[in-house]
Amino acid sequence: MVRCGAAVLRKYSNFIDDLRVYVRGGTGGMGYPNLGGEGGRGGDVWFVARERTTLKSIREKYPQKRFVAGTGANSSVRALKGEKGKDCEVYVPMGISVLDDDGKQIGELNAAGERFLAARGGPGGSLATNFLPCKGQRRTVHLDLKLIADVGLVGFPNAGKSSLLSKISHAKPQIANYAFTTIQPELGKIMYADYKQISVADLPGLIEGAHANKGMGHKFLKHVERTKQLLFVVDISGFQLSVKTQFRTAFETILLLTKELELYKEELVTKPALLAINKIDLPCAKDNLDELMTQLQNPQDFLHLLEEEIIPANTLEFREIIPISTYTGEGIAELKTCIRKSIDEQAEQVNEEYRKKKLLLLQTSKEDPSI
């Protein structure tokens, strides 16, 4: 039986994907009534996306989690127009959504160098304010991290996702023969001979009911949102979380994973997906694999035999189905080739759609010169 107790939750807390911070723009500078001088505007607080930055490092560096910009300079005889206060720049990881206290998204930072104005500085004192300065904007915001990766590994605990990541990349995730080994997302990169790199995220194992936040489901599922493609990793022998839970065949596991993604956010199942069938080195794997391939070729012929609650509204069509063994290495090279092919095809499709849009815009502008 697998136990996921307080020790696991404490260990998971080492990885931070949500941070609540206080931001305040600087107060403006005093005006100079005698000569009509205007005080400098207060500094602004900016979030700036940067590589190799984590929310954990922000929390450690700024334990108070308060970011306040500088005060604007007062107007004076020597400088009637006061200088603007110093901006406060906070470096954050890429993949950050900025949410207000009501949970509404007010900003997003996905690429290095992108900036978001978190709190604007207050205007300096002027005739309009009777030369008295104004305070800067102040609020509490949440920094919500969703990992950005080309491929996200999706599967139930102990399917072999961590072992697979260690085989196809240089990542060294914790691996052991029990469920819930992976309790925080791990990132790795597949390196190809032509120096092409594809990032892969090993996401902690889901359980039935993850869409309803069982087993910290929302913490894990949200990281699937920003992956370009999904790689399902399934144990050919099936899965059983504990003696108290029902055993699921490999076919049922695929349906359940699809159902969990669908119930959490329907558009997740529209992502391109591949399927890695793991542990084909085990006894009886060949018979199980033959049965699974038959079921996947015509899933509708077998759905009536299953419980209605595990059947998704739409079954996934996998671009590639690759039997593998992370123990013997069988199928790993083929899987890496399939991942590369799928990512390249998706990139070409995106480029083609972009070219079509540009061509349509060009044709429209020729027909209507006012555009």
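The name that an unreviewed UniProt entry assigns to the protein chain is GTP-binding protein 10, with the source organism given as Malurus cyaneus samueli. We quote the UniProt Sequence similarities (unreviewed entry) comment for the protein chain here in full: "Belongs to the TRAFAC class OBG-HflX-like GTPase superfamily. OBG GTPase family." UniProt annotates the protein chain under Subcellular location (unreviewed entry) with the comment "Nucleus, Nucleolus".

Caption draft 1: Focus on the overall build of the protein chain. For the protein chain, the count of helices and strands is 7 helices and 14 strands. Across the 371 residues of the protein chain, 47% fall into the buried class. Restricting to contacts in the protein chain with at least 6 residues of sequence separation, those with at least 24 account for 72%. Accessible area of the protein chain: about 19,700 Å², with a carbon and sulfur share of 51%.

Caption draft 2: Representation of the pattern of salt bridges within the structure. Scanning the model with the defined rule gives 19 salt bridges in all. The partner of Glu38 in a salt bridge is Lys81, and the shortest N-O contact between them spans 3.1 Å. Placement of Glu38 in the loop between β1 (18–24) and β2 (45–49) and of Lys81 in the loop between β3 (66–68) and β4 (88–92) is noted, with a sequence separation of 43 residues between them. For Glu38, a relative accessible area of 34% corresponds to the partly exposed category. Glu345 serves as the salt-bridge partner of Arg319, at 3.8 Å between the closest nitrogen and oxygen. Taken together, the positions of Arg319 in the loop between α6 (285–297) and β14 (321–323) and Glu345 in helix α7 (residues 332–367) put the pair 26 residues apart, joining distant regions of the chain. The network of salt bridges with common partners includes Asp194, Lys196, Arg340 and Asp344.

Caption draft 3: The sheet that holds β2, seen in detail. Taken in spatial order, the 3 strands make up an open sheet running β4-β2-β7, and their pairing is mixed. Only two strands of the sheet have a single neighbouring strand rather than two, namely β4 and β7 (115–119). Taken pair by pair, the neighbouring strands of this sheet meet at an average axis angle of 30°, ignoring direction. Pairing between β2 and β4: 5 bridges, direction parallel. Looking at β4, one finds that Val48 is bridged to Tyr91.

Caption draft 4: Inspection of α6 at higher detail. Helix length check: α6, at 13 residues, gives a terminal C-alpha distance of 18 Å against a target of 18 Å (1.5 Å per residue), a fit within 8%. Taken as a whole, α6 has its buried residues at Ala285, Leu289, Leu292, Gln295 and Leu296. Burial along α6 is one-sided: seen end-on, the buried residues are contained in an arc of 125°. Exposed and facing more than 90 degrees away from the buried side of α6 are Lys286, Asp287 and Gln297. Among the structural elements, α5 (250–264), β13 (273–278) and β14 are those in contact with the buried residues of α6.

Caption draft 5: Layout of the nonpolar core. One finds Phe232, Leu261, Leu275 and Leu292 to be the most contacted residues of the largest nonpolar core, which totals 35 residues. Per-element accounting of this core gives the leading share, 7 residues, to α5. In this structure, Leu261 is in contact with Val154, Leu221, Val224, Leu230, Phe232, Glu266, Leu268 and Val269, ignoring residues within four places of it in sequence. By size, the runner-up hydrophobic cluster in this structure holds 24 residues, among which are Ala49, Val98, Leu109 and Leu143.

Caption draft 6: The arrangement of the environment of Ile106 in detail. By the element assignment, Ile106 lies in strand β6 (residues 105–109). In this structure Ile106 comes out as partly exposed when scored by relative accessible area, which is 27%. Ignoring sequence-local partners within four residues, the contact set of Ile106 consists of Val98, Leu99, Asp100, Phe116, Arg139 and Val141.

Caption draft 7: Quick look at the confidence of the model for the protein chain. Averaged over every residue, the pLDDT of the protein chain is 86; residues scoring 70 or more account for 87%. By mean pLDDT, helix α1 (residues 6–12) is the weakest element of the protein chain at 35, and β3 is the strongest at 98. Across residues 1–13 the pLDDT falls below 50, and counting only partners more than four positions away or on other chains, this stretch makes 19 contacts in the model.

Rules behind the numbers
- Residues numbered from 1 in each chain as written.
- Predicted model: local features only at pLDDT ≥ 70, side-chain atom pairs only at ≥ 80, totals over all residues.
- Heavy atoms only, no water.
- UniProt positions renumbered as here; feature names shortened; annotations may be inferred.
- Helix = DSSP H or I, 4+ residues; strand = E, 2+ residues; numbered from the N terminus.
- Buried < 20%, exposed > 50% of the residue type's maximum accessible area, 1.4 Å probe, protein only.
- Contact = heavy atoms within 4.5 Å.
- Areas by Shrake-Rupley, 256 points an atom, 1.4 Å probe, with all protein chains shown as cover.
- Salt bridge = Lys/Arg side-chain N within 4 Å of Asp/Glu carboxyl O.
- Pairing = 2+ DSSP bridges.
- Axes fitted to C-alpha atoms, helices over the stretch in contact; angles between N-to-C directions.
- Expected span 1.5 Å × (residues − 1).
- Arc of directions from axis to C-beta.
- Core = buried A, V, L, I, M, F, W, Y, C linked by side-chain atoms within 4.5 Å.
- pLDDT = per-residue confidence, 0-100.

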